[in-house]
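Tertiary structure, described
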Amino acid sequence: MSQDSSTAPIERATPEDLRERAALDRSTKLPVLFFLTSGLVWLLISCVLGLLASIKLHTPGFLDIGLLSGINWGRLQPAYFNALVYGWCFQAAMAVGLWMMARLCRQPLKNPLTLVVAGHFWNLGVTIGVLQILTGGQAPGDLLEFGRTAWLMLFASFALIVVWQVLMFASRPKGADYVTQLYIIGACFWFPWLFLTANVFTSPQTASGLHAAMTSAWYANGVLFLFLVPMAVGTATYLIPKIVGRPLHSYPLAIAGFWSLALFGGWTGLQKLIGGPLPTWMPAVSSAAQVLLLIPVLCVAANHFMTVRDRHDLVQTSPTLRFIFAGAVFYVISHVVAAFLALSPGLTQYTAAWDGLRFMLVYSYFSMTMFGAIYFILPRLTGCEWLSPGMIRVHFWANIYGGSPIGVFLIIGGIFQGNAMNVWSNGFGALTDMLHGAYIGATLGWVFVLAANLVFFFHFILIALRLGRRSERATLLTSAADHGPASVMITKGAEA
Amino acid sequence: MSLKSLLFGLLATFAAPWLVLVVRPYSGMAHLAPVAYDEEAGDETKGFFPPTRSADQARGQLIYFQQGCVQCHTQVIRPQYLGGDGDEFKRNWGEAQDALAPKRTRQTAPYDYLGDSFAAIGERRNGPDLANAGFRFSTRQAFLEHLYNPQARYDWSSCPSQRHLFSKRTIQGQPSNLAIKTTGKHAPNEGEEIVPSTEALDLVDYLLALKRNAPLPISLGGAKPTPAAPAAPAPALAAPVK
């Protein structure tokens, strides 16, 4: 791959380039809007379920009335997390991945309708799965709680969606290469493999109990670190150079970041079962791999930071960069926490810290990055600008003040919980009391997150219905005049 | 980078962990069968290890998964090097176990999950570990009452009521001998009784059978009993101090 090709996405656009990009965007508009809209509906659903689940942790009798009496934390927790991951995260990743792939490969999407049909089946699968969990029919296994009907549907529709990404990549013109494509192809390669393996090895006909539990731990980590993380890293790597208006600091470093993730990612997951009845070397290998995953984090974070270098003032003005910047902070924090949990099983195993980590990774990192991408993509698809910088600011700060503490409370609460578990004289009541505060704090955070996403959904629907601002200038968080020539650069023409 | 070389790279890096962590262990674990205790080798127990699960108990385990009990409860006793003393069983997590439980038990072994379609190792400990839940309650009725109203026993408990697995009905003729005694908000009115469903009964059957006290056969690496120790009874009963 030549250095030239890596700079391709950020060259100053000629009128022909702009026309080509507009044509590419037109071809992806329908499926991208479909996936984003339904993804955001699932995000709202999972926020409601997550809020209810959080309340039930400190007030188990909440909403214990009539027909709802069976919907306890044991059902709400998997329902919320599966809805968040498969409903929102996957659809956001598909939408953003599809859009970036068409742009990077300079290939218009030829069958947008196939993708929309596949998307309908995906949504149907998630709906069936979530309803099954809520009505008391969940299957065992972390992130595998959907029943068989649901997973078969998800697998089939994912395969249909992936085919187009691979075809676009295979038929791209010479020189249209960028590291983001590797991340997308990688994620679309790892996930089906993980998903099929996990579901086959945990299906009651073939499963052997202990092995099924191991496979599910391996899978649950894999979904996070080999699908969500690469999709978000690919997105950030695509958008940061565009907004800053200069090429990636080091292309070889970006490639190194990708291949080190590929090398270590598949080995993680079993550290969760350390001390369990499986061969000792297996969780040990996973722990080591989880720590080694700090290498790609270092590559990516340093590269992104150096690309932005002296232009961190753009975080003030560009909504996209602001969300991606916040995501990047949690990218580093969550990987450090993941390494810490892998190294301190005696303190943190089976505690709330794991839930905190997963929330941080899925929401504070992945979702924030996707929000940033949506702020970038939607004006280009719909031809109008975001209506209100105020709503973007509310969305951002409510997520920062609400979303971040959830992860932090659960991680710190989990460490206290683990510490209390190790004190011999503690009864279980002491442990429950220990977590009470953290869980109440998390509930408060959920209220903020729900509010933030309601505002965002409203804003999104406005622009999707072309009710946004008609302007040549992008909606920025502070006006161009406040920041001089810097912010003029991120007007539509330069950035398109 | 061409699609072919990219796919080759992905295949090479991902197939290794897949084969080593998932596929290879399966071939070793899928065909395990119960092991007979061998008296000649020094085992003092008769029969097979682990004790097999009845059909009711297997159905109960399914309920345990479906209702999400597995989300809050683990079923694993970790070794000494993890979590301080490592022997979670000894702690008074639920006072009742002190009176009934043997003072020592062993760390969980792979064979403990034999015959399960999914090992209920669990995710987190919002509730106490249930590897030895069978020792916490002396009767089925007491366990059913606990499932119906967990806060009656421990007011700090964050365990949700499972009352959707019970039904409230008017007593007709003789009251049911399965009817549970309970007080508080969801107690039965005059002339009513609360009876468990089949699901609740299966679940309690399963939970009462959770006793990891069968000694590990010597052929699987179990410790030889010391000559001074009294002979251990059959694994189905609560074993005394080993």
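Residues numbered from 1 in each chain as written. Chains lettered and ligands numbered in written order. Predicted model: local features only at pLDDT ≥ 70, side-chain atom pairs only at ≥ 80, totals over all residues. Heavy atoms only, no water.

This part takes up the pairing of strand E4 (residues 192-196) of chain B. All names here are of chain B. Counting buried positions over the five residues of E4 gives four, a clear majority of the element. Inspection of the sheet shows strand E3 (residues 166-170) paired to E4 by five bridges, in the antiparallel sense. Counted as the bridge partner of serine 167 is valine 195 from E4. (Buried < 20%, exposed > 50% of the residue type's maximum accessible area, 1.4 Å probe, protein only. Helix = DSSP H or I, 4+ residues; strand = E, 2+ residues; numbered from the N terminus. Pairing = 2+ DSSP bridges.)

The next subject is the environment of arginine 393 of chain A. All names here are of chain A. Along the chain, the position of arginine 393 falls in helix H15 (residues 389-421). Sequence separation between arginine 393 and arginine 148 is 245 residues; the distance between their C-alpha atoms is 41 Å. Ignoring anything within four residues of it in the chain, the contact list for arginine 393 reads Arg322 and Leu477. (Contact = heavy atoms within 4.5 Å.)

With that settled, consider the interface of chain B and chain A. Between chain B and chain A, the contact holds 67 residues from the first and 88 residues from the second. For the pair chain B and chain A, the interface holds three salt bridges. A salt bridge links aspartate 64 of chain A to arginine 163 of chain B; its shortest N-O distance comes to 3.1 Å. On inspection of chain B and its partner chain A, the count reaches 19 residue pairs in polar contact (both at pLDDT 80 or more). Top element by residues in the side of chain B that touches chain A is helix H1 (residues 3-29) of chain B. It accounts for 18 residues. Considering only residue class, the side of chain B that touches chain A consists of 35 nonpolar, 23 polar and nine charged. (Salt bridge = Lys/Arg side-chain N within 4 Å of Asp/Glu carboxyl O. Polar contact = N/O pair within 3.5 Å; in protein donor to acceptor, adjacent residues only side chain to side chain. Nonpolar A, V, L, I, M, F, W, Y, C, P; charged D, E, K, R; others polar.)

With that settled, consider the packing of aromatic side chains. Going through the model one piece at a time under the given rule, you end up with 52 aromatic pairs over all chains. Ring geometry for phenylalanine 189 of chain A versus tryptophan 193 of chain A: centroids 5.5 Å apart, planes at 75 degrees, classification edge-to-face. A residue pair is termed a helical-turn pair when its members lie 3 or 4 positions apart in one helix, as phenylalanine 189 of chain A and tryptophan 193 of chain A do in helix H6 (residues 179-202) at four residues. For phenylalanine 189 of chain A, a relative accessible area of 18% gives the class buried. Here tyrosine 37 of chain B and phenylalanine 49 of chain B contribute two aromatic rings whose centre-to-centre distance is 6.2 Å and whose plane-to-plane angle is 65 degrees, an arrangement assigned as edge-to-face. Within this pair, whereas tyrosine 37 of chain B is found in the loop between strand E1 (35-36) and strand E2 (48-49), its partner phenylalanine 49 of chain B is found in strand E2, the two being separated by twelve residues in sequence. By relative accessible area, which is 0% here, phenylalanine 49 of chain B ends up buried. A cation over an aromatic ring shows up here: lysine 272 of chain A above the ring of tryptophan 354 of chain A, its NZ or CZ 5.8 Å from the ring centre. The ring of phenylalanine 376 of chain A carries arginine 380 of chain A above its face, with NZ or CZ at 3.8 Å from the centroid. (Phe/Tyr/Trp six-rings, centres within 6.5 Å; stacked < 30°, edge-to-face > 60°. Lys NZ or Arg CZ within 6 Å of the ring centre and 35° of its normal.)

For the rest of this paragraph, the subject is the nonpolar core. Of all hydrophobic cores here, the largest spans 208 residues; its most connected members are Tyr86, Trp88, Phe90, Val179, Trp190 and Tyr219 of chain A together with Tyr64 of chain B. With seven residues, the next largest nonpolar core counts Tyr37, Phe49, Ala109 and Leu216 of chain B among its residues. (Core = buried A, V, L, I, M, F, W, Y, C linked by side-chain atoms within 4.5 Å.)

Another point: unusual backbone geometry. Cis peptide bonds are those with omega within 30 degrees of zero, and the linkage from phenylalanine 49 of chain B to proline 50 of chain B qualifies with -10 degrees. The residue proline 50 of chain B is located in the loop between E2 and helix H2 (55-66) in this model. Although it is not a glycine, arginine 106 of chain A adopts a positive phi angle of roughly 50 degrees. With respect to the secondary-structure elements, arginine 106 of chain A resides in the loop between helix H3 (73-105) and helix H4 (112-134).

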